[in-house]
Amino acid sequence: MSQSNATQVIHSIPVCELTGAVSVPIYQTSTFVQEAPGVHKGYDYARSNNPTRAALEKIAAQLEHGVAGFAFASGLAAIDAVLKLLKAGDEILAVDDIYGGAFRLFTHVYEKFGITVQYVDTTRIENLVDAISPKTKLIWIETPTNPTLKITDIQAVGVLAKAHDILLCVDNTFATPILQEPLLLGADLVVHSATKYLGGHSDLIAGLVITKSQELADQIKFIQNASGGILAPFDSWLVIRGIETLPLRIKQHSVNALQLAEALENHPAVDKVYYPGLPHHVNHAIAKKQFSGFGGIISFSLKNDTAEQATHLLKNLRYFKLAESLGGVKSLACHPASMTHKSIPREKRLQTGVQDSLIRLSVGLEEVEDLWKDLFDALEIAHEQTIAQICKAH
Ligand SMILES: *Cc1c(COP(=O)(O)O)cnc(C)c1O
């Protein structure tokens, strides 16, 4: 498998042919002068095409080994474009612990247009086999999932999808093409919230779709222009700048996260640690096969499994900033039960492993020793409190 290495990624970013500028120019324009009606340099109106966005789209296509890429105003706008490939009467099979925004879009927007969705645990291929019907037109997987980082075998699902003539789309936001290459494993489409690792600096909202075939590229191009949810030139430029350091960042995110996951496991206040790089993770075997590193996201729960305890710990962190989102250079921490997964009923939330005390970390690029000291100090306070509580109870 041809991994996207740093040299390839850095040199996929073009030098300006007109001026020699090493940074892609930002074409802040809405329209382009034509020599005669319909005679132009490939650009007529900036919703249809813009040179800065086109540069990002080409870089993204190379990064994900697709024929074409398309940049959108957000990850959800990118997901929305893929759903518009479907029509009334079609069914989607989607991973059960899907990103909340995708769930909202599938269920509360598209169901009213006659598209149905079945949510299944895609880590077990037999669940998909059982759920497929003649109506199934799209399989939607996210791998790893959020926040318990379950891994689906893309290659196995790809074989199944192909046999039934179903499209397979992978949300590759968490892994990035540096760790996982869905189009080489049999997926037809990849989507990204480029807001996360591809942008990498918590300074923009953006989305991408990359297609494996020219036929799908033509369809997505049509939808992008027809619906108009395009990425602006400046934000396109920011994503390109983010991609320049993506291989380096992902490598370090993975190194830092593995060390923290191992240290967390050995702390007495910690109950479960979810990280695909740990040998006891439910999907460690497939993670080892499918990934070239294990990424920067860790989730863990506390022995004292209460929201209060988690809140207390989060308030005692210095470097891990309490915020939604992930994938930036700065470490972030969040409490899924009261933040990203708040709208999910408690019973259902517990079934998918999102305990009351579960904390999700987006491990940044600070010195790992500083990050561990930050976590350790907050955990020690939490641990002392738990012991005090036990003593009081007796
Ligand atoms: C954030 C996220 C999205 C949505 O992207 P936006 O850029 O916020 O619209 C989709 N999928 C996953 C896995 C995400 O983490």
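Residues numbered from 1 in each chain as written. Predicted model: local features only at pLDDT ≥ 70, side-chain atom pairs only at ≥ 80, totals over all residues. Heavy atoms only, no water.

**Structural notes on the pattern of salt bridges**
- Counted by the stated rule, this structure contains 14 salt bridges.
- Residue Asp-80 pairs with Lys-84 through a salt bridge whose shortest N-O separation is 2.7 Å.
- Residue Asp-80 is classed as buried on the basis of its relative accessible area, which comes to 16%.
- Taking the relative accessible area as the measure of exposure, Lys-84 reaches 33% and is therefore partly exposed. (Salt bridge = Lys/Arg side-chain N within 4 Å of Asp/Glu carboxyl O. Buried < 20%, exposed > 50% of the residue type's maximum accessible area, 1.4 Å probe, protein only.)

**A closer look at the domain arrangement of the protein**
- In terms of domain boundaries, the protein breaks down into domain 1 (2-244) and domain 2 (247-393).
- The distance between the C-alpha centroids of domain 1 and domain 2 comes to 28 Å.
- Contact with domain 1, which involves 35 residues of that partner, is made by 36 residues of domain 2.
- Here domain 1 meets domain 2 over a buried area of about 2700 Å², counting both sides, of which 62% is carbon and sulfur.
- Where domain 1 packs against domain 2, one counts 1 salt bridge.
- Notably, a salt bridge pairs Lys-289 with Asp-153, separated by 4.0 Å at the nearest N-O pair. (Domains from an automatic or database assignment. Contact = heavy atoms within 4.5 Å. Buried area = accessible area lost by both parts, 1.4 Å probe.)

**Some details on the side chain of His-253**
- For His-253, the position within the fold is in helix α10 (residues 246-265).
- Take His-253: its relative accessible area is 1%, and that puts it in the buried class.
- One polar contact links the side chain of His-253 to the main-chain carbonyl oxygen of Val-363, over a distance of 2.7 Å.
- Residue contacts for His-253: discarding those within four places in its chain leaves Tyr-197, Gly-295, Gly-296, Gly-327, Gly-328, Val-363, Gly-364 and Leu-365. (Helix = DSSP H or I, 4+ residues; strand = E, 2+ residues; numbered from the N terminus. Polar contact = N/O pair within 3.5 Å; in protein donor to acceptor, adjacent residues only side chain to side chain.)

**Description of the site of the ligand**
- In the vicinity of the ligand lie 14 residues, with Gly-75, Asp-171, Ser-193, Thr-195 and Lys-196 positioned nearest.
- Take Thr-195: an N or O atom from its side chain is 2.6 Å from an oxygen atom of the ligand.
- In the model, an oxygen atom of the ligand is placed 2.8 Å from a nitrogen or oxygen of the Lys-196 side chain.
- With the chains in place, 91% of the 380 Å² that the ligand exposes on its own is no longer accessible.
- Take the shell around the ligand: its biggest share by element is 3 residues, from helix α3 (residues 75-83).
- For the shell around the ligand, the residue count by class is 6 nonpolar, 5 polar and 3 charged. (Near = heavy atom within 4 Å. Areas by Shrake-Rupley, 256 points an atom, 1.4 Å probe, with all protein chains shown as cover. Nonpolar A, V, L, I, M, F, W, Y, C, P; charged D, E, K, R; others polar.)

**Brief notes about the layout of surface pockets**
- Put simply, the largest pocket is a space of about 770 Å³.
- Cys-16, Glu-17, Tyr-27, Tyr-43 and Pro-51 are, among the 23 residues lining the largest pocket, the residues nearest its centre.
- Those elements giving two or more residues to the lining of the largest pocket turn out to be α2 (51-63) and β1 (68-72).
- Tallying contributions element by element places α2 first for the lining of the largest pocket, with 6 residues.
- By volume, the second largest pocket is sized at about 640 Å³.
- Ile-98, Tyr-99, Gly-100, Gly-101 and Thr-340 are the residues nearest the centre of the second largest pocket, which is lined by 26 residues in total.
- Counting residues per element, the ones that place at least two in the lining of the second largest pocket are α4 (100-110) and α13 (346-351).
- When residues of the lining of the second largest pocket are assigned to their parent elements, the largest contribution, 4 residues, is made by α4.
- Partitioned by chemical class, the residues of the lining of the second largest pocket number 10 nonpolar, 8 polar and 8 charged.
- Of the domains in this structure, domain 1 (2-244) and domain 2 (247-393) are the two that each give at least three residues to the lining of the second largest pocket. (1 Å grid on protein atoms, 1.4 Å probe; cavity = no way out; pocket = protein on both sides within 12 Å on 5 of 7 lines; lining within 4 Å. Points joined across faces, edges and corners; volume = space filled by probe spheres on them.)

**As for unusual backbone geometry**
- Cis rather than trans, the peptide bond between Thr-143 and Pro-144 has omega equal to 0 degrees.
- Here Pro-144 is to be found in the loop between β4 (136-142) and α6 (154-163).
- Of the consecutive residues Asn-146 and Pro-147, the connecting peptide bond is found in the cis state with omega at 0 degrees.
- In this structure, Ser-325 takes a positive phi of about 80 degrees despite not being glycine.
- Along the chain, the position of Ser-325 falls in the loop between β10 (321-322) and β11 (332-334).
- Under the relative-accessibility criterion, Ser-325 is labelled partly exposed at 30%.

**Re the packing of α10 against helix α14 (residues 368-393)**
- Here α10 crosses α14 at 30 degrees, and the two axes come no closer than 10 Å. In terms of orientation, α10 lies roughly parallel with respect to α14. Here α10 and α14 pass one another in a crossing that is right-handed. For the pair formed by α10 and α14, the contact residues are Asn-256, Gln-259, Leu-260, Ala-263 and Leu-264 on the first element and Val-368, Leu-371, Trp-372, Leu-375 and Leu-379 on the second.
- Its residues assigned to classes, the contact of α10 with α14 shows 8 nonpolar, 2 polar and no charged. (Axes fitted to C-alpha atoms, helices over the stretch in contact; angles between N-to-C directions. Parallel < 35°, antiparallel > 145°, perpendicular 65-115°, else oblique. Left-handed = near helix turned anticlockwise from the far one by under 90°.)

**Observations regarding the environment of Gly-100**
- Looking at where Gly-100 falls in the secondary structure, it is placed in helix α4.
- Distance from Gly-100 to Lys-342, taken between C-alpha atoms, is 9.8 Å for residues 242 residues apart in sequence.

**Digging into empty space enclosed by the protein**
- Counted according to the given criterion, the structure contains 2 cavities of 30 Å³ or more.
- The calculated volume of the largest cavity comes to roughly 60 Å³.
- In this structure, the largest cavity is lined by Pro-144, Leu-149, Phe-174, Ala-175, Leu-179, Pro-276, Phe-291, Phe-294, Gly-295, Gly-296 and Ile-297.
- Of the residues belonging to the lining of the largest cavity, the class tally is 9 nonpolar, 2 polar and no charged.

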